[in-house]
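# Coordinate inspection notes
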Amino acid sequence: MADREEDEELQMALRMSLQGSPPAQPEPKRSKPPQSPAAESPEAEARRKQRELMAAAAEKRLRAAASPGPFSVAPSSPPPPQPEPAPVEPAAAPETAREETEEPEPEPTGVHMEEAKEPEVEEEVEEEGEELPPDVAEKLWAMVFGGGVSKAVLAQWSNQGIRFSSDPETTMGLVQHEGGPCGVLATVQAYVLKYLLFFSDDLSNPEVSNPLYTLGQRRFSQSSFVAGDDFSSLTDDRKTRALVHAMVEILFLCGTGRRAVVASIACVNRGKNDAVLEGLSVESAIDLQKVLRISTFTSRKDAFDILLANIPLFESRLGAMLFLISALLSRGLEYIQADRDDPSQPLVTAPFGHASQEIVNLLLCGEAVPNVFDGKMDLGGGMSLKGIPNNVEVGFLTLLESLNLCKVGQYLKCPKWPIWVVGSESHYTVLFALSPNVQEENELEERESRIRRAFDAQDQSGGGGFISVEGFRQVLRDTDINFPSDKLEDLCNAGIIVWSEFWQALLQLDKRAGGMKDPTGLMGKKQFTIFHFNGIAKSVLNGNASVGGSVPIQRPRLCKLNVTVPPRWNQDEYLADVVSSSTSGRKDDSILSLAPPVQTSQHAPLVDCIRTRWPRAVCSWAGDMPSIV
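Only a predicted model underlies this, so the values are computations on that prediction, with no experimental measurement involved.

This next bit is on the overall build of the protein. Across its full length, the protein carries 27 helices and 15 strands. Looking at the protein as a whole, 48% of its 629 residues qualify as buried. The long-range fraction of contacts in the protein, counting pairs at least 24 apart against all pairs at least 6 apart in sequence, stands at 70%. Counting every atom, the protein has about 29,800 Å² of accessible surface; 52% of that belongs to carbon and sulfur.

Encoded structure:
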């Protein structure tokens, strides 16, 4: 009789597993109180425990097979209508999943119960993450590396941790030893600087990365190390917490604020990674599937705690790759492909293994869009190109814009915080200021931004910088610009209006008529300091070496630049005005202070990038030229 009841309970457990709806709270597996050991024979007790183990194991397997999980190519429920996809929350909250204690699969019949219980310890280690299904691992691998990835590229991405520099001058920076993952490292670095510079006093609060928390935190409070340009005073704990906050913010940004997926390595104990990872090889989707484990979080605090506990893993040689995978899975593989213009190409570009613009944009704005202009560009016929969808926390500048190869929109040029990832043809670095004041616009700058936005809204050339006559007339209406009739006719004669010609005409038009000419020169002055960080380790001579001369050491590079932005007319007129003022004996310090000594004006490719944000900027620095490669 007792055996029949137990069989019925086993069948009920299996039916509940097949239905895919286990109760929110674990229910007792027996309908009546268990008999005391004295009232139950050893054989009956063994059979009862074996049935319970089998039922739990079957329920676990069926639940895993029925639920696609956060790493599925398709979301756990049908995706919402495009073009605004948002990952759906997982079917089971991660808090519940972590609290459940699942028993291991039973050993074959006949083993002692003590032996059957031993795998429980291993099961607790595995509880921290789920396996990646083989088909998803294949799609993830193909999405990132493509089909013919070289061993050299894999070596770059398999040997780059997320680690801070040990050099006192650059201790706030992440060190890069390999060429490929710079797009990931530079973007994470930008977010790290956000927390070190502007939220240094709040790093103990796990919710500081929540937009609702930071909404009222725009008032700048200068930290002690910032005030003295002394990054060497940063403690390891402060840097680590800033890094964890940066990672949490990026992952939840990719998960549309609703979830974060954290990728880890199976069988790696926290803080004891080196021995396990030493012989670990990840050269294919099969290798990745064997070792990768993922966990999904809907709570920022839980994500913060697990990332803080697993920082040694992200510092290890697989750190950059694991974080990229975490970001991709947080977004969802299906949505990543929908973001892209050409999803057939790998995200890691051939042949050198650089992070694509899509990877950088994913970490900056939460979507793997390929372009850097604002919003979408309609090409007609139902076709469009995808750009940055909204405002961002940290921005992006690129040398390619100074070469007229692309146009960076205002979202990336004017982020919430004065921090920019800087792109060149082959590398990513970081530009940052210690105060948000560098982004404050005066009257003429605000007007220029408004005119530029109106012009870009009519620009259907794919970033070519020209608009139609009809679009031009709309810009004039939107911005209250009144050109004389003869000048207006000259601009419209060619049938298109190019931005550079439009801008030159505005410089000659008085601001009372909507132009940019300001005879006083008092409304356009700007002078500030900005820093450039290049995380790639470079050999420099250590002057403190012992007998035998200096020896090379590996360290990143930090450069401090003095930037002067002249008024809104051309550079020659500005300098001529300053010289004229000084020779005529006029004592106007507010104007003279704008004039940098001509001999200290220096040039580098970085200056061209800076001028895409602050046109006509004049820069100078001490020491080596800042490098963006």
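Back to the text.
Here the focus is the environment of proline 418. Assignment of secondary structure puts proline 418 in the loop between α20 (410-413) and β9 (419-423). Along the chain, proline 418 and leucine 431 lie 13 residues apart, while their C-alpha atoms are 8.3 Å from each other. Setting aside its immediate chain neighbours within four residues, proline 418 contacts Phe198, Leu431, Phe432, Ala433, Ser435, Pro436, Val438 and Gln439.

This part takes up the sheet that holds strand β1 (residues 130-131). The strand order β1-β3-β2 describes an open sheet built from 3 strands, whose pairing is antiparallel. Looking at strand neighbours, the two that pair on one side only are β1 and β2 (260-265), the edges of this open sheet. Taken strand by strand, helix α16 (residues 319-331) contacts β2 and β3 (292-297), and its axis lies near 145 degrees from that of β2.

Grouped together as the largest cluster of nonpolar side chains are 103 residues, with contacts concentrated most on Trp157, Leu307, Phe323, Leu328, Ile419 and Phe432. Per element, the largest residue contribution to this core is 13 residues, and it comes from helix α8 (residues 182-198). Those residues in contact with leucine 307, other than ones at most four positions away along the chain, are Val244, Met247, Val248, Leu251, Val262 and Phe314. Within the second largest apolar cluster, 23 residues are counted, among which are Leu399, Trp420, Val565 and Ala617.

Before going further, it helps to examine the packing of aromatic side chains. Inspection of every chain in the model, using the stated rule, returns 16 aromatic pairs. Judged by centre distance (6.5 Å) and plane angle (50 degrees), the rings of phenylalanine 396 and tyrosine 428 are tilted. On the criterion of sequence distance, the pair formed by phenylalanine 396 in strand β8 (residues 395-398) and tyrosine 428 in strand β10 (residues 428-432) is long-range, its members being 32 residues apart. Given a relative accessible area of 2%, phenylalanine 396 falls into the buried group. Judged by its relative accessible area of 11%, tyrosine 428 is buried. Linked through ring pairs, Phe455, Phe472, Phe483, Trp499, Phe502 and Trp503 together constitute an aromatic cluster. Sitting over the face of the ring of phenylalanine 252, arginine 300 holds its NZ or CZ atom 4.5 Å from the ring centroid. Seen from the ring of tryptophan 499, arginine 452 lies directly overhead, with NZ or CZ sitting 4.1 Å from the centre.

So, about the side chain of lysine 239. Assignment of secondary structure puts lysine 239 in helix α11 (residues 236-254). Leave out the neighbours within four places in its chain, and lysine 239 touches Phe164, Ser165, Thr171, Leu196 and Leu234.

All chains considered together, the criterion is met by 16 salt bridges. When the shortest N-O distance is used, the salt bridge between arginine 555 and aspartate 167 registers 3.4 Å. Taken together, the positions of arginine 555 in strand β14 (residues 551-565) and aspartate 167 in the loop between α7 (151-157) and α8 put the pair 388 residues apart, joining distant regions of the chain. Accessibility expressed as a relative area gives 18% for arginine 555, which makes it buried. In this structure aspartate 167 comes out as buried when scored by relative accessible area, which is 14%. The salt bridge partner of aspartate 341 is lysine 386, with a shortest N-O separation of 3.8 Å. A residue pair is termed long-range when its members are at least 10 positions apart, and aspartate 341 in the loop between α17 (333-339) and β4 (348-349) and lysine 386 in strand β7 (residues 383-386) qualify at 45 residues. Connected through shared salt-bridge partners, Lys194, Glu249, Glu393 and Lys416 make up one network.

Okay, the confidence of the model for the protein next. When pLDDT is averaged along the protein, the result is 77, and 66% of the positions lie at 70 or above. The model gives residues 64-127 a pLDDT under 50, and that stretch makes 98 contacts with residues more than four places away or in other chains.

Working note: regular strand, side chains alternate between the two faces of the sheet. Judged by how many residues are buried, β3 sits mostly within the fold: 6 of 6 residues are covered. Covered by surrounding structure in β3 are Leu292, Ile294 and Thr296 together with Arg293, Ser295 and Phe297, the residues of both alternating faces. In this structure, β1 lies alongside β3, joined through 2 bridges in antiparallel fashion. Pairing of glutamate 131 across the sheet is with arginine 293, part of β3.

Next up on the list: unusual backbone geometry. Trans peptide bonds make up most of the peptide bonds, and negative phi angles are found at most residues other than glycine. Following alanine 350, the chain continues into proline 351 via a peptide bond in cis, with omega recorded as 0 degrees. Looking at the element boundaries, proline 351 is found in the loop between β4 and β5 (354-355). In the Ramachandran plot, aspartate 480 falls in the positive-phi region, its phi being about 55 degrees despite a non-glycine side chain. Assessed through its relative accessible area of 53%, aspartate 480 is described here as exposed. Its identity is not glycine, yet arginine 616 carries a phi of approximately 70 degrees, on the positive side.

Below, the discussion takes up the state of the cysteines. The tally for this structure, following the rule as stated, stands at 0 disulfides. The structure places no disulfide on cysteine 559, whose sulfur is separated from the nearest cysteine sulfur, that of cysteine 619, by 9.6 Å. Residue cysteine 559 is classed as buried on the basis of its relative accessible area of 9%.

Before going further, it helps to spend a moment on the pairing of strand β6 (residues 376-380). In the sheet, β6 pairs with β7 via 4 bridges, with the strands oriented antiparallel. Bridge pairing in β7 links aspartate 378 to serine 384. Connecting β6 to the next strand, β7, in antiparallel fashion are 2 residues, including glycine 381 with a positive phi near 65 degrees.

With respect to the helices and strands, glycine 515 occurs in the loop between α24 (499-508) and β13 (526-542). The exposure class assigned to glycine 515 is buried, which follows from its relative accessible area of 0%. Each C-alpha atom of the pair glycine 515 and aspartate 480 lies 9.3 Å from the other, and the pair is 35 residues apart in sequence.

With that out of the way, let us pick up helix α22 (residues 469-479). Burial in α22 covers these residues: Gly471, Phe472, Val475, Leu476 and Thr479. Seen from one end, α22 has its buried residues packed into an arc of 145 degrees, which puts them on one side. Residues of α22 that are exposed and point over 90 degrees away from its buried face: Glu470 and Arg477. Structurally, α22 contributes buried residues whose contacts are with α21 (443-458), β11 (466-468), α23 (485-492), β12 (496-498) and α24. Directly after α22, the chain includes aspartate 480, whose backbone phi takes a positive value near 55 degrees.

Reading the values: the criteria
- Residues numbered from 1 in each chain as written.
- Predicted model: local features only at pLDDT ≥ 70, side-chain atom pairs only at ≥ 80, totals over all residues.
- Heavy atoms only, no water.
- Helix = DSSP H or I, 4+ residues; strand = E, 2+ residues; numbered from the N terminus.
- Buried < 20%, exposed > 50% of the residue type's maximum accessible area, 1.4 Å probe, protein only.
- Contact = heavy atoms within 4.5 Å.
- Areas by Shrake-Rupley, 256 points an atom, 1.4 Å probe, with all protein chains shown as cover.
- Pairing = 2+ DSSP bridges.
- Axes fitted to C-alpha atoms, helices over the stretch in contact; angles between N-to-C directions.
- Core = buried A, V, L, I, M, F, W, Y, C linked by side-chain atoms within 4.5 Å.
- Phe/Tyr/Trp six-rings, centres within 6.5 Å; stacked < 30°, edge-to-face > 60°.
- Lys NZ or Arg CZ within 6 Å of the ring centre and 35° of its normal.
- Salt bridge = Lys/Arg side-chain N within 4 Å of Asp/Glu carboxyl O.
- pLDDT = per-residue confidence, 0-100.
- Disulfide = S-S within 2.5 Å.
- Arc of directions from axis to C-beta.

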